[in-house]
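A closer look at the structure
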Amino acid sequence: MSTKQKILTILRQDGNIVSGEKLAATLDISRTAIWKAVRELEKTGYHIEHFPNGYRYLTSDVLEKELITNPYLPASTIFIKEETKSTMDDAKVAAIKQQSSPALFIAEKQTGGHGRFGRSFYSPNGQIYMSLLLEPNQAFEELPQYTILAAVALSLAIDHYTGKQTQIKWVNDIYLEGKKVCGILSEATSNFEAGRIQHVILGCGINFSLDSQSFPANLQTKAGPIFPQKNPPITRNQLIQLIWQYFFELLEDLPNNKYLDVYRRKSLVLGRIVQFSQQGITYRGKATEITDTGELVVQTSQGNKTLSSGEISLKAIE
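Since the model is a prediction, treat every value here as computed from it, not as a measurement. (Residues numbered from 1 in each chain as written. Predicted model: local features only at pLDDT ≥ 70, side-chain atom pairs only at ≥ 80, totals over all residues. Heavy atoms only, no water.)

Let us look at the sheet that holds strand β4 (residues 103–110). Strands sit in the order β3-β4-β5-β9-β8-β7-β6 across an open sheet of seven strands; the sheet is mixed. Two strands lie at the open edges of the sheet, namely β3 (78–84) and β6 (167–169), each paired on one side alone. Adjacent strand axes in the sheet meet at a mean angle of 20°, parallel and antiparallel pairs treated alike. Bridge count between strand β5 (residues 128–134) and strand β9 (residues 196–206): seven bridges; the pairing is antiparallel. Note that in β9 the partner of Leu133 across the bridge is Ile201. The strands touched by helix α4 (residues 87–96) are β3, β4, β5, β8 (179–191) and β9; relative to β5, the strand with the most contacts, the crossing angle is about 25°. (Pairing = 2+ DSSP bridges. Helix = DSSP H or I, 4+ residues; strand = E, 2+ residues; numbered from the N terminus. Axes fitted to C-alpha atoms, helices over the stretch in contact; angles between N-to-C directions. Contact = heavy atoms within 4.5 Å.)

Moving on: the pairing of strand β1 (residues 47–51). For β1 and strand β2 (residues 54–58), the ladder comprises five bridges, and the chain directions are antiparallel. Directly across from Glu49, in β2, lies its bridge partner Arg56. The turn joining β1 and β2, which pair antiparallel and follow one another in sequence, is formed by two residues.

Within the span of helix α2 (residues 20–27), buried status applies to Gly20, Leu23, Ala24 and Leu27. Angular distribution of buried residues about the axis of α2 spans 100°; they occupy a single face of the element. Facing away from the buried side of α2 by more than 90 degrees, the exposed set consists of Glu21, Ala25 and Thr26. The inward-facing, buried residues of α2 contact α1 (3–14), α3 (31–43) and β2. (Buried < 20%, exposed > 50% of the residue type's maximum accessible area, 1.4 Å probe, protein only. Arc of directions from axis to C-beta.)

Within the largest apolar cluster, 60 residues are counted, with the highest numbers of intra-cluster contacts made by Leu104, Met130, Trp244 and Phe247. Counting 16 residues, the second largest nonpolar core, distinct from the first, contains Leu23, Tyr46, Tyr55 and Val62. (Core = buried A, V, L, I, M, F, W, Y, C linked by side-chain atoms within 4.5 Å.)

Attention now moves to the packing of aromatic side chains. The tally for this structure, following the rule as stated, stands at seven aromatic pairs. Ring geometry for Trp244 against Phe247: centres 5.3 Å apart, planes inclined by 80°, an arrangement best described as edge-to-face. Remark: Phe247 and Trp244 occur in helix α6 (residues 236–252); sequence separation between them is three residues, near one turn of the helix. Of the residues examined, Trp244 reaches a relative accessible area of 1% and is grouped as buried. Taken together, a centroid distance of 5.5 Å and an interplanar angle of 25° make the contact between Phe276 and Tyr283 stacked. Relative accessible area serves as the criterion here: at 0%, Phe276 is assigned to the buried category. Here the aromatic cluster, defined as three or more aromatic residues joined through ring pairs, consists of Tyr72, Tyr146, Trp244, Phe247 and Phe248. (Phe/Tyr/Trp six-rings, centres within 6.5 Å; stacked < 30°, edge-to-face > 60°.)

Further remarks concern the UniProt feature "binding site: biotin" (unreviewed entry) in the protein chain. UniProt tags Gln110 and Lys180 as "binding site: biotin" (unreviewed entry). Along the chain, the position of Gln110 falls in strand β4. Reaching out from Gln110, the side chain makes a polar contact with the backbone nitrogen of Thr87 at a distance of 3.1 Å. As for its position among the elements, Lys180 is in strand β8. Exposure remark for Lys180: the relative accessible area of 24% places this residue in the partly exposed category. (UniProt positions renumbered as here; feature names shortened; annotations may be inferred. Polar contact = N/O pair within 3.5 Å; in protein donor to acceptor, adjacent residues only side chain to side chain.)

Cis geometry is adopted by the peptide bond preceding Pro102, which originates at Ser101 and carries an omega value of 5°. As for its position among the elements, Pro102 is in the loop between α4 and β4. The omega angle of the peptide bond from Leu254 to Pro255 is 10°, so this bond is cis rather than trans. Mapped onto the elements, Pro255 comes out in the loop between α6 and α7 (258–265).

This is the structure in structure tokens:
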């Protein structure tokens, strides 16, 4: 552990003002070295109060794998970058290099993020961009509904920390108070010879804390942050940790399908009129059911249509 990390650990655990003299004696270094290390911590985003008699740690929103880890996801398989083109790409490269899984890839800044069907994804700094690499090694029909599991985990974690109720727009978007706060993208690679899915990657882009007016004009009525205030009540580390804690608990609970009950209960589309296109034809009808395999059933004037998330995107919801 570096000197900076040792000082950070001491200040964080103490919670009160800790003198430079005490820090220097504990670490057996000079007070000048303590001062320099504190300044380096501040440069990387940590908030530390300076007093005549020492230093005090303030809650800081710096991504730290040690604060994200849980029993299912060790710190050794969490990777954090300052900037990347896409955390999905990072996970794909790791899969090729046979990275042990599950592994989580996070970035402070994402320059080439994208959603379903290759749509560009607005990625301002300081939000949450992450992708989880899994290695199920199962036949396609044996796979859990990973996208739905992730959506439920995200929704429950946001509910927990906001005290509000999120909704899920089929199949992969999380809404809070009528605005999209999170999108989920899932991709898989297969071994054709073995007929099995080798890797699954779940990518999430979350608007954590952001001024709504900072969104591009065409998104301001559609997208929003979880926390609109400048200083949110929690850190990104806390939300990330709880999301994947919930996700792996849901995964461990399979084949119990209680998560589908939550998904249906939180649905933004069930019972509403939706519009979609299928094979070049536009349909309009009432969303009546989400099947156990995650498909959406829509009752139209041409009969029931069953929509697969990999092929269809809803164009409108009324």
